[in-house]
Every structure is written in structure tokens, then in C-alpha cells.
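# Overview (structure and organization)
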Amino acid sequence: MNSTHPAGVALEMRWLQPLYHRLSGRPELLHALEQETGLRRTDPSDRSLLDHASLCHLLEQLHAAGEPHACAWLALQFDASVGSGQVYFLRSCAQLRELLAELMTNQPLMLPLGYFGFFIDLGADSFELRLQPYRPPARLAEQLLAEGALAWLKRILDLSLSICTVPMAARSMAPPAPCAEPLEALLGAPVQFGAPHGTLRYPARLLDQALPGGNPRIKHAMRAGFVAQLRNSDAPRPLSRRLIGCLLTHDGAGAGRASIEGMASRLGLSGREMRRQLMAEGMRFAEIHNAHRRRQAFQLLVQEGAPVEAVVRSLGYASRASLERAFATWFDTTPALARQARLQLAALAIDEDWSDPVPLLRMLPPSIHGPVDAAACLQDLEQPATPILQAYLLGLANRAEYGGHMLDDASGLAGQLRPARLGQLVQGLQLQAGPGRPVAALEPLWHARLAALARLPGLPWFDALSADEQRRTRQDLARYELGALLMYRLVGAPYGRLLGEAAAWPRARVLEQERLHFGLDRHVAGAMLLSAWGLPRRVIHTQRAASHPATPAARRLAALYEPPGSP
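Residues numbered from 1 in each chain as written. Predicted model: local features only at pLDDT ≥ 70, side-chain atom pairs only at ≥ 80, totals over all residues. Heavy atoms only, no water.

## Regarding the overall build of the protein chain
This is how it is decided: By the criteria applied, helices consist of DSSP H or I runs no shorter than four residues and strands consist of E runs no shorter than two, each listed in order from the N terminus. Accessible area is worked out with a 1.4 Å probe on protein chains only. A residue is then buried under 20% of its type maximum, exposed over 50%, and partly exposed in between. The protein chains shown are the only cover counted for residues, whose accessible areas, like all others here, come from Shrake-Rupley with a 1.4 Å probe.
Each helix and strand counted, the protein chain has 32 helices and eight strands in total. Counting over 567 residues, the protein chain shows a buried share of 53%. Carbon and sulfur atoms provide 55% of the accessible area of the protein chain, an area that totals close to 23,900 Å².

Quick look at the structure:
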């Protein structure tokens, strides 16, 4: 569906126009639909909506008139511009598995009818797309809408793949009904009706099918505009999401620092009512506001290089000094130094977003890159073998849209991302990463990391730590080599050759050579990565401090990595 209202799914009238051609031989039915549901002829530029109640009445009228699958048929007529250009964005992915991962991670906005799932059946050499409504359909029209959403999934694949393909099988929640054009003919596959959820099954070989429009630069360039379009859509959103939209359009220079009273007024609420509704969502205005400014500061100052004074005004700070103090509190560095490191990463040349976690997941050796069970992902994420996945999810959880509570370990993830959403994100990242292409040159780094973790129990200084401090120390070590992974991704073989030459060097010399040859070492790169992901200062500081170990804690962690026999 391409639009939603708080009252339910709505559809732009222009997308209903094919019904006039389909029903041209039944003028009496068309007239009845116009009189009873508000259907009318319009031109392609008309963005007016048929509301949810009228759309449901329309679908049930069509069902009674022998057109039970009209919603699915309409979905198969949509062109790539439907849904604020969602398909244009999805088609810029490199492979089908990447497209499906974007659908999964952006599901609440792209497929607002229900949970989108993805399942691979290795025994049958196939995969299944599944769409299950958030609540059991209370009326026939809701089953027909779910059937239409399933057909929309098929339409996305049809518009994105370079080859014509049809599902192997399908299931619909709607009951079977006699009609001139059965659903089997529309989908090109046998259909089971009355199912608990809608599914489409395809051959597994399609997952690695290259998409003709795949281009990482285009995808990266489109993402910001695409997200902005969705942010400004009329999709039903909780108050916290609408608040973030207000913060994004807030003019700090003209209105002063954003206040809960000012934001509440813009949303038609009192400050007291906003507090109450946010509390019901488990959120607080101050944390959302702070998380929003933290993310915007990094985006504007570091990734976009905006002038500091302009950012001071847009984020509502009193002075440049106050913004720089906040920046140091968040990222353990100054805007100038962070920008310098960002430019150094750019100088290493890469065609896509350097902070994307998926290419890093693909590079892990098999001993590290084990599958995470989405149903039990919290337990899996607590293991030290999943530093990339855990760190990225923690960064997501720290964002304003999830409440802005600063987490630095996995124990609070389920509270902020919610188990169903957490499972979706894990599945999406793993699906996009695929089976992985491990980099042999990095194997020694990950073996050294596991060896360092194994050395911890029994060390006097480690045993003296509290249970929480021990857990955090293990997580610090688990993330210690993220920067090396990023460096290899950016530099490639030359970095691998340096690592090969440096196998027996003291760690300080390795980092010095990294800075000499590439402008920054793995720990500065790792700190930038964690900053871009949104992790809290303590985690970023641990990574940055390893670049030039000065504190006893940093020296102890660095010593765990020294090769045997080094001074």
C-alpha cells in the first residue's frame, strides 16, 4: 500500500483508475462503487486519497460482485513511482538479498500492514517471503488488503529483477472465491487460501541475482532523501516520531532552544499531555532532544562539513563553545579532529557509505561470522563473537526514535528496540550480508582478539573488577579490532600486506606504521565508526585511547595483544 492514515490504510485515487478499464463492461457496478465508496475518475497528478473505511467498503463490494482479487490485481499494476519512490530506492541495491534486507529493516514504513519476515529453506533450495498483519483481520476487507500487500511484494521483485520470474507457491489469508481471474493466474503460482499469513516462495538462486539498477553511490545518495520523504509521510506514527519531525524542522536561531512547551504547541498538545504520551511510550523529551542533537551534530559537522556557527544556530546552542563542549562529551574529540579523521577516511577512497555495517559482516572469517538466531538474538548478542552486529544495534537503540537512552551493552536492547523489531533488524542485516567472503589477511587479528579474551579470567586486575566492569571490558576487547576491519575495507590489499609484515611487531609500532602509511590507525578509524553508529562516549573513548595508550586501563588492554616475545 502506498499511503496510510491513523485510521488505517488509504490509497491515492490515481492508483484506483485501472478499475475503470477492468470494469468497463460493467457500468452499473462502476456507478454503484462511485455512489457508495467515493470512487471517481481522476488524472495522474491527483494525490487525493480514498480513506480506509471507503477502501474497505470498495474491496468488499468488488468481492461480492465476483472480483475478489481486485486489490491484488491493482497492486500488480503499480509502477515504480508508487510509495514515494520506494522502488527506485530498492532497485539501487546490488542484489536481491540486499533489497529484501532493506524491506525488512524499513518494514514499518514500506509495508505498514504487518510484520515482514524472510525464511530460507535449505532443504527445498527456496526462500519464503511472509507478511503477517499486526492483529488478526476482523473483516474480509482486511484479508483482501493483506493479499494486496502480498501482490505488492511480487510487484517490487518484478520491477527490480532483470529476469522475469514467478513464485513457486503462495498463500493468502483470504477465503477462496469463484471468479473470472483467480489469484493463481495473477501470481503465476498455486495458492493456498485461508492461511494464517500471506507468503510467496521463490527459488533460492534468486537471492544472489544482481539487480540491473544496482549502484552503491546512487543508493547512498538516495537514502537521505528517501528517509526524509518517509519522515514527512502521513503514515501513522507515535508521538515520539512526530516530535523528531518537529525537531528536524526547528529553527534554533528564530525560536531559541527547543522546549517541550514549544514542541507540544506545534503538535497541538499541551506540555503536560506531551509528557504523559511520551511516558506511555517509555520516553522522555530531554533524552529524545539530546539524542537528536547528538546525531545531527555528527551528521552536519563531520559527515557534511557544515560551518560550526551554522550548526550552533540550527541546533539551538548558545555559543560555539557550548556546542563544542557537547560534541566532546558525546564523541571524545573535537569537531575539527573528527572532521579531519573523516576526510582521511574519504581520502582512502570507497564508492559507498563507509559506516555501513554490512560489508564488514561479509568480511569476517567463518569462525567469527556465525549465524545469529533472531528468536534468541539477545543471548547471541551477549557473546563476544558478534561485536559488529551488537555495536550497530546499540547505536540504533541510542537514536532519538528509540528514546535516546544511552546503552553501551546488549542487556537493554530488547527494552528499546522491542523483541520483534530487534529480530527484524538482525535478520535484515544477516540477510544483506549473505554467506560472507572472509579476508584471510584479517584472520590473525581475530585470533588475537579471541586469545586476548581467553587471557582475562585469572588476571588480578580483571578479577578485581565488578561484574558489570568485567562485562564491559570483554565488550571493549570484542570491539577492539573493528577499526582494522574498516581499514581493510577502505584500503584493501596494501593494508593486508602491512598486517602480514607486522605479525611479530610490538603493537605500538604497528599503529605507528598505520598512521604513517594511511594517515590514521585502526583505533582512530574504529572510534569514527562507533561515533557514526551512535555509541556512547565511554565506548568511543576506549577505542580512541588505544591509539596512544596512556592510562593504566588502556595499557592493560593493549598488553593483551602484544605478540609473544615482544618487549
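## A few points about the pattern of salt bridges
Spelled out, the test is: The rule for a salt bridge is simple: a side-chain nitrogen of Lys or Arg has to be within 4 Å of a carboxyl oxygen of Asp or Glu.
Applying the stated criterion across every chain yields a total of 27 salt bridges. Residue Glu67 is joined to Arg22 by a salt bridge in which the shortest nitrogen-to-oxygen separation is 2.9 Å. Taken together, the residues Glu67 in the loop between α3 (52–64) and α4 (70–75) and Arg22 in helix α1 (residues 18–22) connect sequence positions 45 residues apart. Here Glu514 makes a salt bridge to Arg522, at a shortest N to O gap of 2.8 Å. On the basis of relative accessible area, Arg522 is assigned to the buried category, the value being 3%. Through salt bridges with shared partners, a single network forms among Glu128, Arg130, Arg171 and Arg201.

## Some details on the environment of Leu161
Put simply, the test is: Residue contacts are counted whenever heavy atoms from the two residues lie within 4.5 Å of one another.
Among the secondary structure elements, Leu161 is positioned in the loop between α8 (140–160) and β6 (169–171). Measuring from C-alpha to C-alpha, the distance between Leu161 and Ala210 comes to 7.7 Å, with 49 residues separating the pair along the chain. Residues in contact with Leu161, not counting those within four places in the same chain, are Leu96, Gln209, Leu211 and Pro212.

## Thoughts on helix α6 (residues 96–105)
Of all ten residues that make up α6, ten are buried, and the element is covered over most of its length. For α6, the complete set of buried residues consists of Leu96, Arg97, Glu98, Leu99, Leu100, Ala101, Glu102, Leu103, Met104 and Thr105.

## A closer look at the packing of helix α11 (residues 239–248) against helix α15 (residues 285–303)
Convention followed: For every element, the axis is a line fit to its C-alpha atoms; helices are fit only across the contacting stretch, and the angle between N-to-C directions ranges from 0 to 180 degrees. In these notes the angle categories are as follows: under 35 degrees is roughly parallel, over 145 is roughly antiparallel, 65 to 115 is roughly perpendicular, and the rest is oblique. Throughout, a crossing is termed right-handed when the near helix is turned clockwise from the far one, and left-handed when it is turned anticlockwise from it by less than a right angle. Here the term charged refers only to Asp, Glu, Lys and Arg, the term nonpolar to Ala, Val, Leu, Ile, Met, Phe, Trp, Tyr, Cys and Pro, and the term polar to all other amino acids, Gly among them.
Running from N to C, α11 and α15 cross one another at 50 degrees; their axes reach a closest spacing of 11 Å. Considering their axes alone, α11 and α15 lie oblique with respect to each other. The two elements α11 and α15 cross, and the hand of that crossing is right-handed. Each of Ser240, Leu243, Ile244, Leu247 and Leu248 in α11 lies in contact with α15, whose residues at this interface are Phe285, Ile288, His289, His292 and Gln296. Taken together, the residues of the contact of α11 with α15 break down into six nonpolar, four polar and no charged.

## Observations concerning the nonpolar core
Basically, it comes down to this: The definition of a nonpolar core used throughout is a set of buried Ala, Val, Leu, Ile, Met, Phe, Trp, Tyr and Cys residues joined through side-chain atoms within 4.5 Å.
One finds Leu393, Leu442 and Trp533 to be the most contacted residues of the largest nonpolar core, which totals 73 residues. With sequence-adjacent residues up to four places away left out, Trp533 is seen in contact with Ser355, Pro357, Leu360, Ile388, Ala391, Tyr392, Gly395, Leu396 and Leu482. Grouped together as the second largest cluster of nonpolar side chains are 70 residues, Leu50, Cys93, Leu150 and Leu161 included.

## Details of the sheet that holds strand β7 (residues 191–192)
Hydrogen bonds between backbone groups are what pair the strands of a sheet, and the pairing can be parallel or antiparallel. Rules: Paired strands are those between which DSSP finds at least two bridges.
As summarised here, the arrangement of the five strands in space is β4-β5-β8-β6-β7, forming an open sheet in which the pairing is mixed. At either margin of the open sheet sits one strand with a lone partner, and together these are β4 (114–121) and β7. Here β6 runs beside strand β8 (residues 198–203); their pairing, made up of three bridges, is antiparallel. Its bridge partner being in β8, Ala169 is matched across the sheet by Arg201. Each of β4, β5 (126–133), β6 and β8 is contacted by α8, which is oriented at about 25 degrees to β8, the strand it contacts most.

## What to know about the pairing of β5
Within β5, six of the eight residues are buried, which leaves the element mostly enclosed by the surrounding structure. When β5 meets β8, the two strands line up antiparallel, connected through six bridges. Bridged to Leu131 within β8 is Gly198.

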